[in-house]
Amino acid sequence: MAVIGGIIGGGIFRTPAAVAERVGSPRLALAAWVVGGAIALVGAFCFGELGRRRPSAGGGYVYLRETWGPLPAFLYGWALLLVIATGAIAAVAVTFANYALALAGLSPGLTVPVAIGAIALLSGINYVGVKPAAVTQNVFTILKLAALAALIVAGLVLAVPSTVLHQPPPPSTDPGGVVGVVVALGAALVPILFTYGGWQQTNFIAEEIIEPERNLPRALVLGVAGVVIVYLLANVAYLRVLGLGGLARSTAPAADVMRALLGPAGGTLIAAGITASTFGFLNLVILVTPRVLQAMAADGVFLPRLAVLHPRFRTPALAILVQAGWATVLTLSGTFAQLVDYVAFGDWIFFGLTVAGLFIYRAREAGGPGAAGGPGRAFRVPGYPWTPGLFVLAASYVVASSILANPRNALIGAGLLALGVPVYLLAARYSGRGVV
């Protein structure tokens, strides 16, 4: 549930339109989602082995620290707190508020108060324990899957297709030749990979999972595989009902499909589904990210009190409050969308570095009995070293494409990440651990 909830947010309800616009072919659109799903599955395998090796709170932060050193790990945690996680919390909370208010027939002027209320409510649930947070996650993951199931069934069973998938697209949009197909596919993969992202968040709470060495890899692989199937079926439903041109022009494809098939009631149903989906995603981010701050504090490179667990609830209580406070500030400022755009490419830099760390772990394992490793029968990435190598290449492509698409944003994002360097130096000196 955590893996699925961490991937499915609001992306699948809008990203397919951008993909259809970029590829110009129904077959190529579906092929792009298959390729993106394969890359996501490779990432799940890689994070499965990483989680088996180090089932510790903090996930990617711990892997980066052990393979690339404390500074890259700190910059990852810094980016999560400054923008990536807190900006996502603010953005998703506002999206949730927009849909919730529309469903309730209330004024859009209440968007910010409702968004902040959602952040406060879910932070409170996570403050009092992992179990109530997990129950909340399970309920809303089931609701979002039910909404997608309704969309898929309606699109595949009720619809009389307006555009059959084997019909050729208009000549002006069909990518020509092998080079044209490769370029179109590459352009489509950027939003697709962002829509598939999120599986790595479950590793943040590895320490609080029962038998994480066994259950975390299993959850990652099964969860990502399930999402790939759901996403492919959703895209078939979009194409079947709207056709390639209609999908490319749509600003809300899920709502357009449901309204076309079921009238206003269908639009209301999918709006409720998106409300549940965004609320569940919001809960997941609030649940997992404080564990990174806890791990950083335990290492002496961040505020020491963030490492202290609540004496009764056994949660990183202060880390949850700090995260909620900064996310609230970003929500009130209205700057979260721009900030997320600035550092989105940085997220994939850390993805690539984290998976590349597998090569370092394996090299140490081969170096002798004292190296990091595990039992011979423990979970290992199939197809090593090609599979992690493929993922690192895909992450590099996403980073390069994001930088080329908007160099100014990338430069500002690099500056925001660089702000973490003096913070790290001061924290390391204050803790007396020195700078490594």
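Residues numbered from 1 in each chain as written. Predicted model: local features only at pLDDT ≥ 70, side-chain atom pairs only at ≥ 80, totals over all residues. Heavy atoms only, no water.

## Structural notes on the overall build of the protein chain
Okay, step 1: What the protein chain contains, in helices and strands, is 17 helices and 0 strands.
Okay, step 2: Since a compact globule built from 436 residues should have a radius of gyration of about 22 Å, the 22 Å found for the protein chain is in line with a globular shape.
Okay, step 3: In terms of principal-axis extent, the alpha carbons of the protein chain reach across some 65 × 50 × 45 Å.
Okay, step 4: Counting only residues that meet the buried cut, the protein chain has 53% of its 436 residues in that class.
Okay, step 5: In the protein chain, of all internal contacts separated by at least 6 residues, the share reaching a separation of at least 24 is 81%.
Okay, step 6: Carbon together with sulfur atoms contributes 70% to the accessible area of the protein chain, which is approximately 17,900 Å² in total.
Okay, step 7: The centroid of the 25 positive side-chain charges in the protein chain is displaced by 3 Å from the centroid of its 13 negative side-chain charges. (Helix = DSSP H or I, 4+ residues; strand = E, 2+ residues; numbered from the N terminus. Rg over C-alpha atoms; globule rule 2.2 N^0.38 Å. Buried < 20%, exposed > 50% of the residue type's maximum accessible area, 1.4 Å probe, protein only. Contact = heavy atoms within 4.5 Å. Areas by Shrake-Rupley, 256 points an atom, 1.4 Å probe, with all protein chains shown as cover. Lys, Arg positive; Asp, Glu negative; His and termini not counted. Charge placed at Lys NZ, Arg CZ, Asp CG, Glu CD.)

## Points about unusual backbone geometry
Okay, step 1: With an omega of 5°, the peptide bond between Y384 and P385 qualifies as cis.
Okay, step 2: With respect to the secondary-structure elements, P385 resides in the loop between helix 14 (336–367) and helix 15 (386–405).
Okay, step 3: Here the phi dihedral of E211 falls at roughly 45°; this positive angle occurs in a residue that is not glycine.
Okay, step 4: With respect to the helices and strands, E211 occurs in the loop between helix 8 (177–196) and helix 9 (212–249).
Okay, step 5: Since its relative accessible area comes to 45%, E211 is described here as partly exposed.
Okay, step 6: Although it is not a glycine, R314 sits at a positive phi angle of roughly 60°.
Okay, step 7: By the element assignment, R314 lies in the loop between helix 12 (290–298) and helix 13 (317–333).

## What to know about a nonpolar patch on the surface
Okay, step 1: Nonpolar side chains collect at one region of the surface, where V153, L156, V157, L158, I229, L233, L262 and L269 lie side by side and expose about 700 Å² of accessible area between them.
Okay, step 2: Going through the elements one at a time, helix 7 (130–158) and helix 9 are the ones with two or more residues in the nonpolar patch.
Okay, step 3: Element by element, the count of residues in the nonpolar patch is highest for helix 7, at 4 residues.
Okay, step 4: Here L233 lies in helix 9. (Patch = residues over 30% accessible without salt bridge, like charges linked within 9 Å, V, L, I, M, F, W, Y side chains within 5 Å. Salt bridge = Lys/Arg side-chain N within 4 Å of Asp/Glu carboxyl O.)

## Topic: the side chain of N235
Okay, step 1: Among the structural elements, N235 can be located in helix 9.
Okay, step 2: Setting aside residues no more than four positions away along its own chain, N235 makes contact with I12, P16, L30 and W33.

## Describing the pattern of salt bridges
Okay, step 1: Considering all chains together, one arrives at 10 salt bridges under this definition.
Okay, step 2: Here E49 ties to R362 by a salt bridge, and the two come within 2.9 Å at their closest N and O atoms. Of the two residues, E49 sits in helix 3 (residues 26–53) while R362 sits in helix 14, which places them 313 residues apart along the sequence.
Okay, step 3: Taking relative accessible area as the criterion, E49 reaches 0% and is therefore assigned buried.
Okay, step 4: Measuring nitrogen to oxygen at the nearest pair gives 3.2 Å for the salt bridge that ties D256 to R259. Placement of the pair is D256 and R259 together in helix 10 (residues 253–262), with a separation of 3 residues, close to one helical turn.
Okay, step 5: On the accessibility criterion, D256 (26% relative accessible area) is partly exposed.
Okay, step 6: A relative accessible area of 44% means that R259 is categorised as partly exposed.
Okay, step 7: Residues participating in the shared-partner salt-bridge network are E49, R53, R362, E365 and R380.

## Quick notes on the nonpolar core
Okay, step 1: With 126 residues, the main nonpolar core has Y61, L151, W199 and Y231 as its most contacted residues.
Okay, step 2: In terms of residues, this core owes the most to one element, helix 5 (residues 70–104), which gives 20 residues.
Okay, step 3: In contact with Y231, other than residues within four places in its own chain, are I7, I8, I12, W33, T195 and Y196. (Core = buried A, V, L, I, M, F, W, Y, C linked by side-chain atoms within 4.5 Å.)

## Remarks on the packing of helix 6 (residues 111–127) against helix 11 (residues 264–288)
In a packed pair of helices, the relevant descriptors are the angle between the two axes and the axis-to-axis distance.
Okay, step 1: At a minimum axis separation of 9 Å, helix 6 and helix 11 run at an interaxial angle of 50°. Here helix 11 runs oblique to helix 6, going by the angle between their axes. Crossing geometry of helix 6 relative to helix 11 is assigned as right-handed. Facing helix 6, whose interface residues are A118, I119, L121, L122, S123 and N126, helix 11 presents F279, L282, N283, I286 and L287.
Okay, step 2: Across the contact of helix 6 with helix 11, the residue classes break down as 8 nonpolar, 3 polar and no charged. (Axes fitted to C-alpha atoms, helices over the stretch in contact; angles between N-to-C directions. Parallel < 35°, antiparallel > 145°, perpendicular 65-115°, else oblique. Left-handed = near helix turned anticlockwise from the far one by under 90°. Nonpolar A, V, L, I, M, F, W, Y, C, P; charged D, E, K, R; others polar.)

## Considerations on the confidence of the model for the protein chain
Okay, step 1: In the predicted model, the protein chain carries a mean pLDDT of 86, and the fraction of residues at 70 or more is 92%.
Okay, step 2: Averaged pLDDT values over the elements of the protein chain bottom out at 81 in helix 8 and peak at 96 in helix 6.
Okay, step 3: Of the regions scoring below 50 in pLDDT, residues 163–172 engages in 14 contacts with residues more than four places distant in sequence or in other chains.
Okay, step 4: pLDDT under 50 marks residues 369–376. Its contacts with residues more than four places away, or in other chains, come to 13 contacts. (pLDDT = per-residue confidence, 0-100.)

## Quick look at the side chain of T275
Okay, step 1: Secondary-structure assignment places T275 in helix 11.
Okay, step 2: Of note is the side chain of T275, whose polar atom sits 2.8 Å from the backbone oxygen of A271.
Okay, step 3: Those residues in contact with T275 that sit more than four places away from it in its chain are F96, Y99, A100 and L103. (Polar contact = N/O pair within 3.5 Å; in protein donor to acceptor, adjacent residues only side chain to side chain.)

## Here's the deal with the environment of F47
Okay, step 1: Summarising the element assignment, F47 is placed in helix 3.
Okay, step 2: In this structure, F47 is in contact with Y63, W199, Q200, N203, L220, T354 and V355, ignoring residues within four places of it in sequence.

## Describing the packing of aromatic side chains
Okay, step 1: Summed over all chains, the structure comprises 20 aromatic pairs.
Okay, step 2: For the pair Y196 and Y231, a centre-to-centre distance of 5.2 Å together with 40° between the ring planes defines the contact as tilted. Within this pair, whereas Y196 is found in helix 8, its partner Y231 is found in helix 9, the two being separated by 35 residues in sequence. An identical accessibility class is assigned to Y196 and Y231; each is buried.
Okay, step 3: Through a chain of ring-to-ring contacts, the aromatic side chains of F47, Y63, F194, W199, W348, F351 and F391 assemble into a single cluster.
Okay, step 4: Note that R362 overlies the ring of Y384, its terminal NZ or CZ placed 3.9 Å from the centroid. (Phe/Tyr/Trp six-rings, centres within 6.5 Å; stacked < 30°, edge-to-face > 60°. Lys NZ or Arg CZ within 6 Å of the ring centre and 35° of its normal.)

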